[in-house]
There are 4 protein chains.
Amino acid sequence: MQSWVEEIDRRARETLGQGRVADYIPALAEQDANRFGIAICTNDGARYTAGDAQEPFSIQSLSKVFLLTLALRAHGDALWQRVGLNPSGMPFNSLTQLEAERGKPRNPFINAGAIVVADHLVSAFATPSKHIQDIARTLSGNASILIDRHVLASEWQHRSRNAAMAYLMKAFGNIDNEVDAVLDAYFSCCSLRMSCLDLAVAMNYLAADGHALATGKSFITPDLARRINSIMFTCGMYDAAGDFAYRVGLPAKSGVGGGIVAIVPGRLSVCAWSPALDAAGNSVAAQHALELLTDKLGVRIANTAPAGVEGGSR
Amino acid sequence: MQSWVEEIDRRARETLGQGRVADYIPALAEQDANRFGIAICTNDGARYTAGDAQEPFSIQSLSKVFLLTLALRAHGDALWQRVGLNPSGMPFNSLTQLEAERGKPRNPFINAGAIVVADHLVSAFATPSKHIQDIARTLSGNASILIDRHVLASEWQHRSRNAAMAYLMKAFGNIDNEVDAVLDAYFSCCSLRMSCLDLAVAMNYLAADGHALATGKSFITPDLARRINSIMFTCGMYDAAGDFAYRVGLPAKSGVGGGIVAIVPGRLSVCAWSPALDAAGNSVAAQHALELLTDKLGVRIANTAPAGVEGGSR
Amino acid sequence: MQSWVEEIDRRARETLGQGRVADYIPALAEQDANRFGIAICTNDGARYTAGDAQEPFSIQSLSKVFLLTLALRAHGDALWQRVGLNPSGMPFNSLTQLEAERGKPRNPFINAGAIVVADHLVSAFATPSKHIQDIARTLSGNASILIDRHVLASEWQHRSRNAAMAYLMKAFGNIDNEVDAVLDAYFSCCSLRMSCLDLAVAMNYLAADGHALATGKSFITPDLARRINSIMFTCGMYDAAGDFAYRVGLPAKSGVGGGIVAIVPGRLSVCAWSPALDAAGNSVAAQHALELLTDKLGVRIANTAPAGVEGGSR
Amino acid sequence: MQSWVEEIDRRARETLGQGRVADYIPALAEQDANRFGIAICTNDGARYTAGDAQEPFSIQSLSKVFLLTLALRAHGDALWQRVGLNPSGMPFNSLTQLEAERGKPRNPFINAGAIVVADHLVSAFATPSKHIQDIARTLSGNASILIDRHVLASEWQHRSRNAAMAYLMKAFGNIDNEVDAVLDAYFSCCSLRMSCLDLAVAMNYLAADGHALATGKSFITPDLARRINSIMFTCGMYDAAGDFAYRVGLPAKSGVGGGIVAIVPGRLSVCAWSPALDAAGNSVAAQHALELLTDKLGVRIANTAPAGVEGGSR
């Protein structure tokens, strides 16, 4: 697999030059468009990396996976009273649907949905941003992971759009805490800096029926892991979830920092990263890398027989 | 598996009485809400049925799967110039998004998208409705399948909403033929009467890498089968695709006649049917049956290791 | 006043070259952008004209004033069950609002609203298009007025957008007759050819408390004339009603043929015409002419004391 | 006229019991639904009052007239770069249109528009709320007018919806100052307590070509007064501007405190007040009173000859 990863690195770099680095906050716009990295972590703990796989970057919306996992662990299906789990069909930061649907976001992977999840966290923890940082460290086994204060300050300074969403939800009674505190927790999560390797390891629990590789313990139930994968498959790639499912066919989550995490259930987790994004906000090179990977592996979840059921128990 | 199917039949019938039979055309409103059937067809040809599995019903939107398959076979990815493949986030018959996106429907499983696909068919075949009927007969191996003339007449009489969509797309240049001819082809597909067993057999190609059970030949490529499954997973259940993915976790397509077809890739196809629908337009009892089935099988595509993946070392 | 009209003609022609001739149907796109005409008809019957004031042109949406007047004469306020009377805030041919408001158009001066009014007419008259032509002839005193068959055929051929609206309203139960018949009546009205002079004379009843100059008889009540003027003021200029009220300040109705009729209540009616339109669909030169006219007259309805108000002691 | 006013008071009170007192902030919900007052101020300074005409109430959106007047005095048409002047066709606190139109509100009489105008004020004055209070005192000639601190605190506590709008506009670059400062100025204006008599006197400048009765001096130009009246006519009554124009036919502005100010240009200003509102947010009894008044006066601006132009080509 190491040779595959290196080949993917080589071929994915051919797309460098396409797309644009996110500029909605200045701190992100500073990223170098020519970086690319990929890391694979198999369920038995083997790790394969290429390119800038150990370079920390701003995880941005990848943090929504951690946020959702924590909220479902703590509250279970009660969460779905406050946030839906269907694709939005709208840009990730739209207020139109949020207004029409009276402050209930469509799913936890659009900004409004993640802000509701962050509100849960603020209710539950005295220092929510520290809690998130601890979780990221524990799951990745990397104690040096930090919230990037420069990015956090930039998020705060340019918070208007997210503040508008938070206040709109508060107007409908769907935010319990002060908006400023909720945004601080939300931006702190987005501002975590992690590498492809950190993320592939940290999110391996979604490939491994909830079992966390770095701790050797169960983090969530197999059922919950499966459900989060389903949400990633239908809602994880902004409003290009269908395109990505058609091309790549794996549960995945994307961030405007250029990272994409994808899951091959039962087998491995993977993170690819490159800062330049397409019009939908997904990294051009990282998407290409994942398409190459699923071609190599010959697996997409929608066309291969689930393991162990062949000839199964019927 | 036969005993499972019978147990599912028994337990799914406990939900009879919930939901409402579709009434958007009078011919559908006549259906008996107390019917329930289920049929499973495994890739090796075994068939398991229970309840009203051999009772023909109006397949309605299930026909969109046949329409899409035919169009992709004929035109390949060129189809995506005229229709998208992302979740719409809107009701299946909405015009708002269609107007905002200049007559390009979000995906082929909402009405507008299927009408575009039907327009392709009208361009390609002298007698498109006969062609569809032939395909349904061939794939199911049942030469007695018919278009229900009573339902077709009712569809035509109550065509206003679909006509509005078709004319709006024509205004944007996305319908080539006369609207009346396109609607006739579209309604003919919707008006096919097939049983759960017919449908499980006919759609088994999606579980079997494109191989058609009734003909013993390849119908579409494995790659195309996988892509259609992906679209079913993200867009197949109206605007409840996410809910269904979360609960059931299989590629599926629903029709307002009360049928739902679901696919366990590499293993089997299944069709459940019961006329009463929930608010999203999906059969209450059929959804429940499919949830029971995936619990029984212990498989959902988002949490089980693909079969035969080398290196799958767990 | 004749010298004013000639000066306005001269100055309005300075704007020729700005804007674009409507091209939504080919028959309109043929118009010469360099034509300009203006006609004023005072309540005592005096007529003042300049430029191409006697050149017939396609009245298009100006016909909505006749349609509304006929429907209110026949049905009174019952009409408001089927169509609203508030500004739409949307483009004149939008379906989004129509869908959200369940097939009830915002007002009778957007296309959907006028189609509902035309549906009334089809219910009431065996030959609705002949009836409209007769009314236009009677009110203008010009028996040679005709429906332009070339424009009518072009409207029909390019009916998709209007057909979409009509079918959407029919889907909500707000169109009683066959869509084709309703569109034929609607397009016939739009296809009337009248000159500025014809229109100024024909619509003088709105300036004259409902009294028709050409017949010497009351056509509608003073109260109804006033109410139609109010609707023109708030809804007559597509979605630029507020801009026009701010600049010109008179009740007015615009058509994509380039004509605008405006009313100085109690005093006069005026029609200006020039084919090139601004982005909102209103004639550039005709708007400018009306602004010059209100400057000359020193009257806008929002700043001058109504005549003869007792106690008006200034 | 005093006897008219008393008769209107008597008849308008017959509608008490209809509608609902605004409850979007608790401080407004405390109002007594059975209060009704009316005050007329003619251009020669005569004042006629009935009922609770001297009872101060929360002017709420009536303050938008003062805000707009001040901004147009200071900035002229430059204001229209940041706010439109067309009817919105949407509820007064909607974010959907604001998002679609990239943070430029449709007109200065919806909340978002008034917040932009308040932002101007914050830029121009060190103590904007004191400035507004001074203007209200000066124009009404009543030095005891105050900002209601109880209402202001309630507005602030329940600011979420307006904060959402302000942040959304700031995200599009259409708010220069800190959102908190802008909202404080905006809420301070809304929280002014004035009586019907105060308001009729204070807004008489709109009836009198810009001349302020209480100061004896010109406050704005005649042209500006006319333009503001036009905006009131098309946009002053939330999304019922067309209904009100049809029924009453005067430029007017409504507030959720239950007050409505209307203008008979060239003649008089009037304010009616009663707390219970209809579904569009306009006072039931106050609207009825104004309809009775225009019936009595026999004037609506859309059907009566402007003064001094009768017969005439002056």
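Quick notes on the rules
- Residues numbered from 1 in each chain as written.
- Chains lettered and ligands numbered in written order.
- Predicted model: local features only at pLDDT ≥ 70, side-chain atom pairs only at ≥ 80, totals over all residues.
- Heavy atoms only, no water.
- Helix = DSSP H or I, 4+ residues; strand = E, 2+ residues; numbered from the N terminus.
- Rg over C-alpha atoms; globule rule 2.2 N^0.38 Å.
- Buried < 20%, exposed > 50% of the residue type's maximum accessible area, 1.4 Å probe, protein only.
- Contact = heavy atoms within 4.5 Å.
- Areas by Shrake-Rupley, 256 points an atom, 1.4 Å probe, with all protein chains shown as cover.
- Lys, Arg positive; Asp, Glu negative; His and termini not counted.
- Charge placed at Lys NZ, Arg CZ, Asp CG, Glu CD.
- Pairing = 2+ DSSP bridges.
- Axes fitted to C-alpha atoms, helices over the stretch in contact; angles between N-to-C directions.
- UniProt positions renumbered as here; feature names shortened; annotations may be inferred.
- pLDDT = per-residue confidence, 0-100.

Let us look at the overall build of chain A. On a plain count of helices and strands, chain A comes out with 13 helices and 12 strands. The C-alpha radius of gyration computed for chain A amounts to 18 Å, which stays within 12% of the reference 20 Å derived for 314 residues, consistent with globular compactness. Its C-alpha atoms give chain A principal-axis dimensions of roughly 50 × 50 × 35 Å. Burial statistics for chain A: of 314 residues in total, 66% are counted as buried. For chain A, long-range pairs separated by at least 24 residues make up 68% of all intrachain contacts whose partners lie at least 6 apart in sequence. In the form shown here, chain A has an accessible surface area of approximately 10000 Å², with 47% of it arising from carbon and sulfur atoms. Looking at chain A, you have 28 positive and 30 negative side-chain charges, and the mean spots of the two groups are 3 Å apart.

On to the sheet that holds strand S4 (residues 57-58) of chain C. Residue and element names in this part refer to chain C. The three strands are arranged S4-S6-S5 in an open sheet whose pairing can be described as antiparallel. Edge positions in the sheet fall to S4 and strand S5 (146-147), since each of these pairs with one other strand and no more. Across two bridges, the pairing between S4 and strand S6 (residues 192-194) is antiparallel. Bridged to Ser58 within S6 is Arg193. Together, S5 and S6 form the strand contacts of helix H6 (residues 128-140), whose direction differs from that of S6 by roughly 10 degrees.

Below, the discussion takes up the UniProt feature "binding site: substrate" (unreviewed entry) in chain A. Residues and elements named next belong to chain A. The positions that UniProt labels "binding site: substrate" (unreviewed entry) are, in the present scheme, Ser61, Asn111, Glu155, Asn162, Tyr186, Tyr238 and Val256. Looking at the secondary structure, you find Ser61 in the loop between strand S4 (57-58) and helix H3 (63-75). Beyond its immediate sequence surroundings of up to four residues, Ser61 is in contact with Tyr238, Lys253, Ser254 and Gly255. Along the chain, Tyr238 falls in the loop between helix H11 (222-235) and helix H12 (241-247). Of the residues examined, Tyr238 reaches a relative accessible area of 8% and is grouped as buried.

It is worth spelling out the sheet that holds strand S10 (residues 259-264) of chain C at this point. Residues and elements named next belong to chain C. Spatially, the five strands line up as an open sheet ordered S3-S2-S11-S10-S9, and their pairing is antiparallel. Looking at which strands have only one partner, the edges of the open sheet turn out to be strand S3 (47-51) and strand S9 (252-254). Averaged over all neighbouring strand pairs, the angle between strand axes comes to 10 degrees, with direction disregarded. Where S9 and S10 come together, three bridges link them in antiparallel fashion. Counted as the bridge partner of Lys253 is Val261 from S10.

All names here are of chain A. When pLDDT is averaged along chain A, the result is 92, and 95% of the positions lie at 70 or above. Contacts of residues 305-314 to residues separated by more than four positions or lying in other chains number 27 contacts, the stretch itself having pLDDT below 50. Prediction confidence for the complex, expressed as pTM and ipTM, is 0.89 and 0.89 respectively.

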